[in-house]
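A structural walkthrough
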Amino acid sequence: MEHAQMQDSFHTKIIERQPMSKEQMLDMQTHNLSYISHKRLLDAKKVEALQQSIFADQPKKPNHIIFVDDEKEKANFDPVKYYDTVPEALALGITHNIPKRENLENAPVILNSGANIAAAAKDFQKTKLEIRERLKRLKRLEDTERRMRDQKTRMTGVSYTEKKRDDGSTMLKLKKERKR
């Protein structure tokens, strides 16, 4: 029990904190900074994936190119008649394998219940809320990373100038030094 002693009939730990060297402090700053950068990148990728999932659920407008001979044919063009389908199939945004009218007449009818639509809307709102929260966290991580970089710059002894930003924070600008 090298790091303990008895005081008033109780065991107490002796804590001797040794001051850290400048190199150790810089090393710790580097580790902390890399961790914050890593977390920021992970959050940015997660936000991007969530945003893609929201927009992937929305129907796409078909972008087929159909050639016609003149303006009159263009004005009278009916995609429902051209594809031999029903208007609902085109309204869904199906861009490939557009169902034919005869296949739809022979296929069994599947009705969407209101519960499925309500659940999808609830998931959509939940995803939007998560995106908002992650964007706030991303902003905080960016600010923290910037402050940590500034603190590390101050510790290294590199010459710099401080500039005020519009939001009131300071920005360090490194002075150019010629290396010989």
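Look up: the structure comes first, before these words.
Residues numbered from 1 in each chain as written. Predicted model: local features only at pLDDT ≥ 70, side-chain atom pairs only at ≥ 80, totals over all residues. Heavy atoms only, no water.

Moving on, we come to the overall build of the protein chain. Within the protein chain, the regular secondary structure consists of six helices and four strands. Reading the protein chain from its N end, one meets helices and strands in the order β-β-α-α-α-α-α-α-β-β. Among the 180 residues that make up the protein chain, the fraction classed as buried is 16%. Counting only contacts in the protein chain whose residues sit at least 6 apart along the sequence, the fraction spanning at least 24 positions is 47%. Here the protein chain has roughly 15800 Å² of accessible surface; of this, 53% comes from carbon and sulfur atoms. (Helix = DSSP H or I, 4+ residues; strand = E, 2+ residues; numbered from the N terminus. Buried < 20%, exposed > 50% of the residue type's maximum accessible area, 1.4 Å probe, protein only. Contact = heavy atoms within 4.5 Å. Areas by Shrake-Rupley, 256 points an atom, 1.4 Å probe, with all protein chains shown as cover.)

Below, the discussion takes up the packing of aromatic side chains. Under the counting rule described, the total for this entry stands at two aromatic pairs. Both rings, one in Phe 77 and one in Tyr 82, keep their centres 5.5 Å apart while their planes meet at 55°; by these two values the pair is tilted. Both rings, one in Tyr 82 and one in Tyr 83, keep their centres 5.1 Å apart while their planes meet at 85°; by these two values the pair is edge-to-face. Looking at Tyr 82, the relative accessible area reads 49%, which means it is partly exposed. Residue class for Tyr 83 comes out buried when judged on its relative accessible area of 16%. (Phe/Tyr/Trp six-rings, centres within 6.5 Å; stacked < 30°, edge-to-face > 60°.)

Mapped onto the elements, Glu 130 comes out in helix H6 (residues 114-156). Taking the C-alpha atoms as reference, Glu 130 lies 8.5 Å from Leu 50; in sequence the two are 80 residues apart. Among all residues touching Glu 130, those that are not within four sequence positions of it are Lys 46 and Leu 50.

Next up on the list: the pairing of strand S2 (residues 10-13). One ladder, built from four bridges, connects strand S1 (residues 4-7) with S2; its direction is antiparallel. For Gln 5, the partnering residue across the bridge sits in S2 and is Thr 12. Count of turn residues in the S1/S2 antiparallel hairpin: two residues, of which Asp 8 carries a positive phi of about 55°. (Pairing = 2+ DSSP bridges.)

This brings us to a negative patch on the surface. A cluster of like negative charges, contributed by Asp 69, Asp 70, Glu 71 and Glu 73, occupies part of the molecular surface. Take Asp 70: it is sitting in the loop between helix H1 (22-57) and helix H2 (71-75). (Patch = residues over 30% accessible without salt bridge, like charges linked within 9 Å, V, L, I, M, F, W, Y side chains within 5 Å. Salt bridge = Lys/Arg side-chain N within 4 Å of Asp/Glu carboxyl O. Lys, Arg positive; Asp, Glu negative; His and termini not counted. Charge placed at Lys NZ, Arg CZ, Asp CG, Glu CD.)

On the surface, a cluster of positive charge is contributed by Lys 128, Arg 132, Lys 136 and Arg 140. When its relative accessible area of 33% is taken as the criterion, Lys 128 is described as partly exposed.

The next subject is the pattern of salt bridges. In the structure shown here, the tally under the stated rule is nine salt bridges. Close ionic contact of Arg 40 with Glu 145 constitutes a salt bridge, the shortest N to O distance being 2.5 Å. In this pair, Arg 40 sits in helix H1 while Glu 145 sits in helix H6, placing the two residues 105 residues apart along the sequence. By relative accessible area, which is 6% here, Glu 145 ends up buried. We note a salt bridge from Arg 134 to Glu 130, for which the minimum N-O separation is 3.3 Å. Placement of the pair is Arg 134 and Glu 130 together in helix H6, with a separation of four residues, close to one helical turn. Relative accessible area serves as the criterion here: at 28%, Glu 130 is assigned to the partly exposed category. Several salt bridges share partner residues, and in doing so they unite Asp 43, Glu 130, Arg 134 and Arg 137 into one network.

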